[in-house]
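# Structural overview
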Amino acid sequence: HPSLGLPPLPISMVRLATVLCALLSCAEAFRPAPRAWGGHVAARSSVRMAVSKGDLVDAIAARAGVSKKMAGAVLSSALDVIVESVADGNKVSLVGFGTFDSKERAAREGRNPQTGEKMQIAATVAPTFSFGKGFKDACKRSYSASVATRTLNGHEAP
C-alpha cells in the first residue's frame, strides 16, 4: 500500500490480498464438530471426515458475520486467484498457512502398468503445496490433544 511506503501491487495481487485476508480471518477457527456414532460422540482422532466447500462457506459466514452468499463469493474468488496466480507461474505464499507453487517435471521413461512395455512420459508442470509452520503446529497440537484424550479414556495411545 502506498501510504505505508510500499510499492504499488498489480491489481491481481491486490485482489488476492483482499480476498485472502477475509478468508483467512475465518478459516483459522473452523473446527468441524465430531460426528455421532451409535449414540455417542466419537473422539476427534477416530473420525476422519471430509469438509466440503459448503461446510467451509458455512464456517466462514458464521465466523465473519456475513451472508453465506458473500462467504461463498470470497472463498471462490480466493481459490480462483490462487489457481490463476500459480498457473501464471507465480508463487502464492500465505505466512503460517503454506505456499502454493508449481514444479516442472522433466520428460522421462516409464512403463505401461498393464503391459510392462516402455513408454515416454511427457514433460509437465504440476501444482505443489508446502505446509506452513503454523499449519503444521496446529496439526501437531490437535494430534497431541487427541492422544491425551484417548489415554485418559482408557484407550492406548498409538
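The preceding data block contains the structure.
Residues numbered from 1 in each chain as written. Predicted model: local features only at pLDDT ≥ 70, side-chain atom pairs only at ≥ 80, totals over all residues. Heavy atoms only, no water.

## Considerations on helix 2 (residues 53-64)
Across its 12 residues, helix 2 extends 16 Å between first and last C-alpha, which sits within 8% of the 16 Å expected from 1.5 Å per residue. All buried positions along helix 2 are accounted for by Val57, Ala59, Ile60 and Ala61. Of the residues flanking the end of helix 2, it is glycine 65, one or two places downstream, whose phi is positive at about 70°. (Helix = DSSP H or I, 4+ residues; strand = E, 2+ residues; numbered from the N terminus. Expected span 1.5 Å × (residues − 1). Buried < 20%, exposed > 50% of the residue type's maximum accessible area, 1.4 Å probe, protein only.)

## Section: the pairing of strand 4 (residues 98-105)
Bridge analysis of strand 3 (residues 92-94) against strand 4 gives three bridges, and the strand direction is antiparallel. What sits directly across from serine 93, in strand 4, is threonine 99. From the end of strand 3 to the start of strand 4, which pair antiparallel, there are three residues, and glycine 96 there has a positive phi angle of about 90°. The sheet contact formed by strand 4 and strand 7 (residues 124-131) spans eight bridges and is antiparallel. Directly across from aspartate 101, in strand 7, lies its bridge partner threonine 128. (Pairing = 2+ DSSP bridges.)

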